[in-house]
Amino acid sequence: MLNIAFCDDNQCFLKKITQEIDRSLAIKATYQTFTNATDLLDAFKPGVFDAFFIDIYMPKINGKMLAHKIRNLDKRVKIIFVTRYEQEILNTLQYDIYDFLPKDHLSERIDNLLARLSRSVAFENSKYLRLKLRETTGEELYKKVYLDDIIYVQSLNRKVYLHLADQTQFELIGYTFQEITDSLVEKGFLRTHRKFSVNPIFINEIKNTSILMDNGEELDLSRRRKKEVQEAFICGIRGILSD
């Protein structure tokens, strides 16, 4: 299931393209529509949407400016420019776009685009988890969290927290610490203590009873797990040197 955002100041076109999405057999998708860039940016949270379909020519903040702002906030999300002016394609490559959809050829091209988009997102599924989270403000959201963005998972006062590389922290909703740890261990994470599971790519130093992470935090290391963590750390170093 894809989650898509559409941004176009032409409400008739928004209706048309969402009807095409509803009609298409290529994907299953949920979507939100926006008639201006400001509203989209106000609603934007990294990892919530899989793709943005953006009209290039919009008042105030045009599609290129919007794409630039999105790229500063989310390096991975797919951006598709939508316009009647096909000559614009050469002027949009700098925004690392996924594709370009001409409005005049919408019906004949959208199925193929959606199928490729769906395959691309499905391929990336192994690289992230879709989780229900609570921000420090108390707001709840569903978010796509990439594995290589997670520094560690913590169990604290019967709650589970994700600590991310961008220094943000979220409470995980709907998972016990054991459940999320089991899922992450299958993907290469290490259970280092009854309170911590860590991403080994962020381990900086292994001490006697603790682990120093790249962000400067020092996490508890249980004695019975020390050997396993040391071996995984050494294997990781050997893998880097052999590449």
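Worth saying up front: this structure is predicted, and the values here are computed from it rather than measured. (Residues numbered from 1 in each chain as written. Predicted model: local features only at pLDDT ≥ 70, side-chain atom pairs only at ≥ 80, totals over all residues. Heavy atoms only, no water.)

### Describing the overall build of the chain
Phase 1 of the analysis: Regarding its fold elements, the chain presents six helices and 15 strands.
Phase 2 of the analysis: For the chain, the spread of C-alpha atoms along the principal axes amounts to about 65 × 45 × 35 Å.
Phase 3 of the analysis: By residue count, 46% of the 243 residues in the chain fall in the buried class.
Phase 4 of the analysis: Looking at the chain alone, contacts between residues at least 24 apart form 52% of all its contacts between residues at least 6 apart.
Phase 5 of the analysis: Counting only carbon and sulfur atoms, one obtains 48% of the accessible surface of the chain, whose full area is about 13,400 Å².
Phase 6 of the analysis: Here the chain holds 36 positive side-chain charges and 35 negative ones, and the gap between their average locations is 4 Å. (Helix = DSSP H or I, 4+ residues; strand = E, 2+ residues; numbered from the N terminus. Buried < 20%, exposed > 50% of the residue type's maximum accessible area, 1.4 Å probe, protein only. Contact = heavy atoms within 4.5 Å. Areas by Shrake-Rupley, 256 points an atom, 1.4 Å probe, with all protein chains shown as cover. Lys, Arg positive; Asp, Glu negative; His and termini not counted. Charge placed at Lys NZ, Arg CZ, Asp CG, Glu CD.)

### Examining the pattern of salt bridges
Phase 1 of the analysis: Evaluated as defined, the whole model comprises 18 salt bridges.
Phase 2 of the analysis: Arg116 is the partner of Asp99 in a salt bridge, and the nearest nitrogen-oxygen pair spans 2.3 Å. Of the two residues, Asp99 is situated in strand S5 (residues 99–102) and Arg116 in helix H4 (residues 106–124); the sequence distance between them amounts to 17 residues.
Phase 3 of the analysis: If you follow the salt bridges from partner to partner, you end up with Lys132, Arg134, Glu140 and Glu171 in one network. (Salt bridge = Lys/Arg side-chain N within 4 Å of Asp/Glu carboxyl O.)

### Considering the nonpolar core
Phase 1 of the analysis: The biggest cluster of nonpolar side chains holds 39 residues, and the ones touching the most others in it are Phe52, Leu66 and Ile70.
Phase 2 of the analysis: Sequence-distant contacts of Leu66, that is, excluding residues within four places in its chain, are made with Cys7, Ala37, Leu40, Leu41, Ile54, Met58 and Ile61.
Phase 3 of the analysis: The next biggest cluster of nonpolar side chains, apart from the first, holds 21 residues, and it includes Phe6, Ile27, Ala51 and Leu117. (Core = buried A, V, L, I, M, F, W, Y, C linked by side-chain atoms within 4.5 Å.)

### Side note on empty space enclosed by the protein
Phase 1 of the analysis: Tallied over the full model, the rule gives one cavity of 30 Å³ or more.
Phase 2 of the analysis: Counted as a void, the largest cavity has a volume near 40 Å³.
Phase 3 of the analysis: Broken down by secondary-structure element, the contributors of at least two residues to the lining of the largest cavity are strand S1 (2–7), helix H1 (11–23) and strand S3 (51–55).
Phase 4 of the analysis: Residue classes in the lining of the largest cavity are distributed as seven nonpolar, no polar and two charged. (1 Å grid on protein atoms, 1.4 Å probe; cavity = no way out; pocket = protein on both sides within 12 Å on 5 of 7 lines; lining within 4 Å. Points joined across faces, edges and corners; volume = space filled by probe spheres on them. Nonpolar A, V, L, I, M, F, W, Y, C, P; charged D, E, K, R; others polar.)

### Brief notes about unusual backbone geometry
Phase 1 of the analysis: The phi dihedral of Lys60 falls on the positive side, at around 65 degrees, and the residue is not glycine.
Phase 2 of the analysis: Backbone geometry places Gln167, a non-glycine residue, at a positive phi of 75 degrees.
Phase 3 of the analysis: For Gln167, a relative accessible area of 76% gives the class exposed.

### Concerning the confidence of the model for the chain
Phase 1 of the analysis: In this model, the chain carries an average pLDDT of 88, and 95% of its residues clear a pLDDT of 70 or more.
Phase 2 of the analysis: Confidence over residues 237–243 falls short of pLDDT 50; this stretch has zero contacts with residues more than four positions distant or in other chains. (pLDDT = per-residue confidence, 0-100.)

### A look at the sheet that holds strand S13 (residues 203–206)
Phase 1 of the analysis: What the three strands build is an open sheet, ordered S13-S14-S15; its pairing is antiparallel. Only two strands of the sheet have a single neighbouring strand rather than two, namely S13 and strand S15 (218–220). Sheet twist, expressed as the average angle between the axes of neighbouring strands with direction ignored, equals 30 degrees.
Phase 2 of the analysis: Bridge analysis of S13 against strand S14 (residues 210–213) gives three bridges, and the strand direction is antiparallel. Bridging across to S14, Ile206 finds its partner in Ile211. (Pairing = 2+ DSSP bridges. Axes fitted to C-alpha atoms, helices over the stretch in contact; angles between N-to-C directions.)

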